[in-house]
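Survey of secondary and tertiary structure
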Amino acid sequence: MKDAVGREEKRDENELYKLLIQKMPTDSNGNLVFQLDEIAEIHAGVANMLRDLDTVDVLTTLGDATLENLQDSSAAT
């Protein structure tokens, strides 16, 4: 019973957690639009804006920006 309650609490926490994925744009030739130091600043700026939200982390990569649920509330565990 204690294990089941612990799993339910963890599932509830995971439903709140989000990961913001920022994909940095490229031009028509596939070259980065921003320099690496600019990308680092963009990442730091977004991470700083969200620093008070303990349920959101930021990942910056060469891709689209999306906000994903790490666990779907309808998923069975």
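Procedures and definitions
- Throughout this document, residue positions are counted from 1 along each chain, in the order its sequence is written.
- Residue-level local features of this predicted model are given only where pLDDT is at least 70; pairs of side-chain atoms are given and counted only at 80 or more, and the full residue set underlies all totals for whole chains, interfaces and linings.
- Side-chain numbers come from the whole structure's heavy atoms, not from hydrogens or water.
- Secondary structure follows DSSP: runs of H or I at least 4 residues long count as helices, runs of E at least 2 residues long count as strands, and numbering of each begins at the N terminus.
- Residue contacts are counted whenever heavy atoms from the two residues lie within 4.5 Å of one another.
- Pairing between two strands requires that DSSP report at least two bridges joining them.
- Think of it like this: strands point away, you trace from the first strand over the helix to the second, and a clockwise trace means the crossover is right-handed.
- Surface patches are defined over residues having more than 30% relative accessible area and no salt bridge, joining like charges when they lie within 9 Å and nonpolar side chains (Val, Leu, Ile, Met, Phe, Trp, Tyr) when within 5 Å.
- Per-residue and other accessible areas follow the Shrake-Rupley method at a 1.4 Å probe size, with only the shown protein chains counted as cover for residues.
- In what follows, salt bridge is the name for a side-chain nitrogen of Lys or Arg lying within 4 Å of a carboxyl oxygen of Asp or Glu.
- Confidence of the predictor at the level of single residues is given by pLDDT, which spans 0 to 100.

With that settled, consider the overall build of the chain. Across its full length, the chain carries two helices and three strands. Overall, the chain shows an N-to-C arrangement of helices and strands of α-β-α-β-β. Partitioning the contacts of the chain with sequence separation of at least 6, the portion at a separation of at least 24 is 70%.

Moving residue by residue along a regular strand, the side chains alternate between the two faces of the sheet. Judged from the six bridges that link them, strand S1 (residues 18-23) and strand S2 (residues 56-61) form a sheet pairing that is parallel. Paired with Leu19 across the strands is Asp57, a residue of S2. Traced from S1 through helix H2 (residues 36-49) to S2, the parallel crossover comes out right-handed.

The next subject is a nonpolar patch on the surface. Where nonpolar side chains cluster on the molecular surface, the patch consists of Leu32, Leu36 and Leu62 and spans about 300 Å² of accessible area. Secondary-structure assignment places Leu32 in the loop between S1 and H2.

So, about the confidence of the model for the chain. Chain-level pLDDT for the chain is 81 on average; 68% of the residues reach the 70-or-more range. The least confident element of the chain is helix H1 (residues 2-16), whose mean pLDDT is 68; the most confident is H2, at 96.

Here the focus is the environment of Ala44. Counting through the fold element by element, Ala44 comes out in helix H2. In this structure, the C-alpha to C-alpha distance between Ala44 and Thr60, residues 16 residues apart in sequence, is 9.6 Å.

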